[in-house]
There are 2 protein chains.
Amino acid sequence: MKPYMEMTKEELLALKKELSAQYKEFQTKDLRLDMSRGKPSTEQLDISMGMMDVLSGNVDLTCDDGTDCRNYGVLDGIKEAKELLADMMEVAPDYILIYGNSSLNVMYDTVSRSMTQGVMGSTPWCKLDKVKFLCPVPGYDRHFAITEYFGIEMISVPMTPDGPDMDMVEELVASDDSIKGIWCVPKYSNPQGISYSDETVRRFARLKPAAKDFRIYWDNAYTIHHLYDHDQDHLIEILAECKRAGNTDLVYKFASTSKVSFPGSGIAAIAASQNNLVDIKRQLKIQTIGHDKVNQLRHVRYFGDIHGMIEHMRKHADIIRPKFEAVINALEQELGELSIADWTNPKGGYFISFNSLNGCAKAIVTKCKKSGLIMTGAGATYPYGKDPNDCNIRIAPSYPTLSDLVLAMELFTLCVKLVSIDKILAEKKDKEQTKENA
Amino acid sequence: MKPYMEMTKEELLALKKELSAQYKEFQTKDLRLDMSRGKPSTEQLDISMGMMDVLSGNVDLTCDDGTDCRNYGVLDGIKEAKELLADMMEVAPDYILIYGNSSLNVMYDTVSRSMTQGVMGSTPWCKLDKVKFLCPVPGYDRHFAITEYFGIEMISVPMTPDGPDMDMVEELVASDDSIKGIWCVPKYSNPQGISYSDETVRRFARLKPAAKDFRIYWDNAYTIHHLYDHDQDHLIEILAECKRAGNTDLVYKFASTSKVSFPGSGIAAIAASQNNLVDIKRQLKIQTIGHDKVNQLRHVRYFGDIHGMIEHMRKHADIIRPKFEAVINALEQELGELSIADWTNPKGGYFISFNSLNGCAKAIVTKCKKSGLIMTGAGATYPYGKDPNDCNIRIAPSYPTLSDLVLAMELFTLCVKLVSIDKILAEKKDKEQTKENA
């Protein structure tokens, strides 16, 4: 098949007829497929069921230091959980604070605290005329939702294969003291699956922000979420790099076990410098007496240590890998030669980023939906839900079964083709009109 | 023994000598007793251990409506948990939103949200010059800590045996639109164990606040925490009463299972009108994808229904009741005739409120500490930690064993006597001086 752009109007119309027939057939199938969110599949949840057996009525729920996990107390998490999460987050246990079940909640609370209290003694952001965040795009919709909710102005920064455009980031943070943060998913990024290059991380650690309350919001959600045993991305540890650069307090690092154990029933954590942790704990002790220590202990007893966790992640990879490969294969096979789209091919994480021709993403997602396939809303990967080129679609392969996924990708690529043909035909028509008018 | 006030200087000095000897003996015992917080005892935690057995690797973690509790989703809590907590909170399940492990956290979030977003469309409190809360005193230190943390001015309102002084509450909220809330522990109050009278609740529901974003923060922490099977306080349900009074949106009601199952590993909830819930959920969906549904299911499967919960609370009562009685007995026996103190005698909750002679509370708590008994800090029951009369001490009988408690009360009453004698002697001296000078 030759690129659509090189086809004549007649060829395209013939192709459209053929593809439309296929699409109509899909519509009779009453499909209900959901690829909208990065949700683990049932099969993945099943591999963690042993977690329900490690604690029982006969098991002592006491920590090594004598803490009874069943009672009040221990604001920053039990020692054993700090050690486990510290290994997962590649920092020392002293730099960790264990939270509840959701790292999104930790991030929300971090922004909320900055709004009403400021950061390490700075003016509370709610007292400022303007607060801005940098948002590498495409990015994670729930990040953008937090900053939008708090009335924080979002400035898009384009992603490159090495991470955010660092020239732009450096210039912006150095010149504008109303810029207080940047959202990052530095490893297997949402939605591209890109991992920041060594150079990018080093430049992040060496930022010279005009605002002393500027922080990097380093959401390392996919730190151990590899697809392959050996072909893994490696990310320079940001806290250590900031320390080396003399920028100790520059970063908040977030993670959770949501996609390790059970989403919604895992444990989340923040890692940061001592100065930041003191500032956070001053607030946290007002907010709560402590998080769920029994669940912390459950995780510790189940995984044992980071090695147990890594072995567990292999089982997840074994389930997810074929799904990523099925998506990539379908895209290559169906669209590879057509020059109407490109996509990423990640080695980990939960997403593939897909770019259609400009102005086609919304129409593709709508067309999918009309045949029973729910994709992440077009535009969701941009601040305010507005993709200026209307081309980016996030593909989340994890939740459907493999056979459903194959079917879904058949439908998806079909919709991409149909919408692209319409777009090219419309352009051709425009050109003809322009010629006629000339 | 006659009242201390009626004793001569010589009698008091002789008594002081005798009691000081007893105190010195205590100091040699190297005691380490903690009565500072309302913590369940180990014996109480043991009765909930069955909770660790209801879920296992072989148990289906699916809700009746098909929700897989192990995956993301369900912002407001699983249906079964809503039903259980609704029965506990005496409202319909539709008026409930299930949160994480801590009702304190829910209250903090509620105030925090009002600071940055306002209440149902009102001006965010952080944009106002002045925000005030009414604080019935003595009251709960962690409530006061939240309002102090957010820079909210606290106005003390005296408690009566029927609840807060409602004449004062009505007048203040009607006349000052910067008053945005009032902290209430309406049943078995912290620290007095007072339950608001029917009249008080009715007047609360009929408040006419000047501020349309005024809310009653109704922390019903001890709703089913009775000491006795039959001799129980009854509280009019505030949401229904507000509805009857045409004041549907006036109240946020908070509760948790912290002192039902495991503190820190329970589930918390808010109950409020539909308008309020819509306002809260609009924010909550930005903050989190959902709370821990597995733990919600664990509670539902363990308690079954409200009857199971009530039966469970009987077991707690059987452990706590003798402790409350031991405290009351010690107070009556040691201080009953001395006219140097009074105290409450609650039928539920976790605390007894003790009033010494004015100006003695701090000295008593310090004297206890020097012999190894930690009481709640004097002043803690007042906003900003400042008890204007320095007389109130919160007694928390639940955590120590019964034998430790008997010992602790021996020491406590001894300290009360010694500090009171010093106070009376000092007053006598002042009077003599005044006479001499005259």
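On a predicted model such as this, the values are computed, not experimentally measured, just so you know. (Residues numbered from 1 in each chain as written. Chains lettered and ligands numbered in written order. Predicted model: local features only at pLDDT ≥ 70, side-chain atom pairs only at ≥ 80, totals over all residues. Heavy atoms only, no water.)

Chemist: What should I look at first to understand the nonpolar core in this one?
Modeler: When a protein is soluble and globular, its nonpolar side chains tend to lie buried together. With 116 residues, the main nonpolar core has A:F204, A:I216, A:W218, B:F204, B:I216 and B:W218 as its most contacted residues. Residues within four places of B:W218 in sequence aside, it is in contact with B:C184, B:P186, B:Y196, B:V201, B:F204, B:L235, B:I238, B:V251, B:Y252, B:K253 and B:F254. In terms of nonpolar packing, the next biggest core, distinct from the first, is built from 70 residues, B:V106, B:V137, B:F150 and B:L284 among them. (Core = buried A, V, L, I, M, F, W, Y, C linked by side-chain atoms within 4.5 Å. Buried < 20%, exposed > 50% of the residue type's maximum accessible area, 1.4 Å probe, protein only. Contact = heavy atoms within 4.5 Å.)

Chemist: Help me understand the relation of the copies chain A and chain B in this model?
Modeler: For the pair of chain copies, the relating operation is a rotation around an axis with a shift along it. Here chain A sits on chain B after a turn of 180° about the axis and a move of 0.0 Å along it, with an RMSD of 0.0 Å. With respect to symmetry, the two chain copies, as superposed, fit the operation of a two-fold axis. Looking at chain A, 100% of its interface residues are interface residues in chain B too, so the copies touch through the same face. (Least-squares fit on C-alpha atoms with pLDDT ≥ 70 in both.)

Chemist: Explanation requested: the packing of aromatic side chains in the structure shown.
Modeler: Aromatic rings considered in pairs are described by the distance between their centres and by the relative angle of their planes. All names here are of chain A. According to the stated counting rule, one finds 36 aromatic pairs over all chains in the structure shown. Members of the aromatic cluster, joined through ring pairs, are W125, F133, W183, Y217, Y252 and F254. Just above the ring of Y23 sits the side chain of K367; from NZ or CZ to the centre is 4.8 Å. (Phe/Tyr/Trp six-rings, centres within 6.5 Å; stacked < 30°, edge-to-face > 60°. Lys NZ or Arg CZ within 6 Å of the ring centre and 35° of its normal.)

Chemist: Would you mind showing me how to read the domain arrangement of chain A here?
Modeler: Note on interface size: it is often stated as the accessible area lost on association of the parts. Residue and element names in this part refer to chain A. As assigned here, chain A comprises domain 1 (4-44 + 311-427) and domain 2 (63-304). Just the C-alpha atoms count here: the centres of domain 1 and domain 2 sit 31 Å apart. Domain 1 puts 28 residues into the contact, and the matching count from domain 2 is 32 residues. Each partner contributes to the roughly 2,700 Å² buried at the junction of domain 1 and domain 2, and carbon and sulfur atoms together form 59% of this total. In terms of surface lost to domain 2, no three residues of domain 1 exceed M313, K347 and Y384, which account for 26% of the buried area on that side. (Domains from an automatic or database assignment. Buried area = accessible area lost by both parts, 1.4 Å probe.)

Chemist: In this structure, what is going on with the interface of chain A and chain B? I would like to understand it.
Modeler: Contacts between the two partners involve 59 residues from chain A and, on the opposite side, 59 residues from chain B. In this assembly, chain A packs against chain B so that about 4,800 Å² is buried in total across both faces, 51% of it on carbon and sulfur atoms. When the area that chain A buries against chain B is broken down by residue, the three leading residues are A:R70, A:Y72 and A:Y149, summing to 17%. In this assembly, chain A and chain B are joined by 2 salt bridges. Of the charged contacts in the structure, one is a salt bridge between A:D46 and B:R70, with a shortest N-O distance of 2.8 Å. Applying the counting criterion to the chain A and chain B interface returns 22 residue pairs in polar contact (both at pLDDT 80 or more). Elements with a minimum of two residues in the side of chain A that touches chain B: α2 (42-46), α4 (103-117), α5 (141-149), α9 (274-287) and α10 (293-303) of chain A. Counting residues per element, the side of chain A that touches chain B draws most heavily on α4(A), at 9 residues. Considered class by class, the residues forming the side of chain A that touches chain B number 24 nonpolar, 20 polar and 15 charged. (Salt bridge = Lys/Arg side-chain N within 4 Å of Asp/Glu carboxyl O. Polar contact = N/O pair within 3.5 Å; in protein donor to acceptor, adjacent residues only side chain to side chain. Helix = DSSP H or I, 4+ residues; strand = E, 2+ residues; numbered from the N terminus. Nonpolar A, V, L, I, M, F, W, Y, C, P; charged D, E, K, R; others polar.)

Chemist: Looking at this structure, I do not really get empty space enclosed by the protein. What am I missing?
Modeler: Unoccupied space between atoms shows up once a probe the size of one water molecule is rolled over them. Counted by the stated rule, this structure contains 8 cavities of 30 Å³ or more. Reported here for the largest cavity is a volume of approximately 380 Å³. Along its surface, the largest cavity is lined by 27 residues, and A:G100, A:N101, A:H291, B:G100 and B:N101 are the ones closest to its centre. Among the elements of the structure, α4 and α9 of chain A together with α4 (103-117) of chain B are those that each provide at least two residues to the lining of the largest cavity. For the lining of the largest cavity, the residue count by class is 7 nonpolar, 16 polar and 4 charged. (1 Å grid on protein atoms, 1.4 Å probe; cavity = no way out; pocket = protein on both sides within 12 Å on 5 of 7 lines; lining within 4 Å. Points joined across faces, edges and corners; volume = space filled by probe spheres on them.)

Chemist: When you look at the sheet that holds strand β8 (residues 251-256) of chain B in this model, what are you seeing that I'm missing?
Modeler: Adjacent strands of a sheet form backbone hydrogen bonds with each other and so pair up, either parallel or antiparallel. All names here are of chain B. One open sheet holds the 8 strands; their spatial order is β2-β9-β8-β7-β6-β3-β4-β5, and the pairing between them is mixed. What marks the edges here is a single partner per strand, and that holds for β2 (96-98) and β5 (163-164). Alignment of strand β3 (residues 132-137) against strand β4 (residues 153-160), held across 6 bridges, turns out to be parallel. For C135, the partnering residue across the bridge sits in β4 and is S156. Contacting β2, β7 (215-219), β8 and β9 (268-271), helix α9 (residues 274-287) runs over the sheet at an angle of about 20° to β2. (Pairing = 2+ DSSP bridges. Axes fitted to C-alpha atoms, helices over the stretch in contact; angles between N-to-C directions.)

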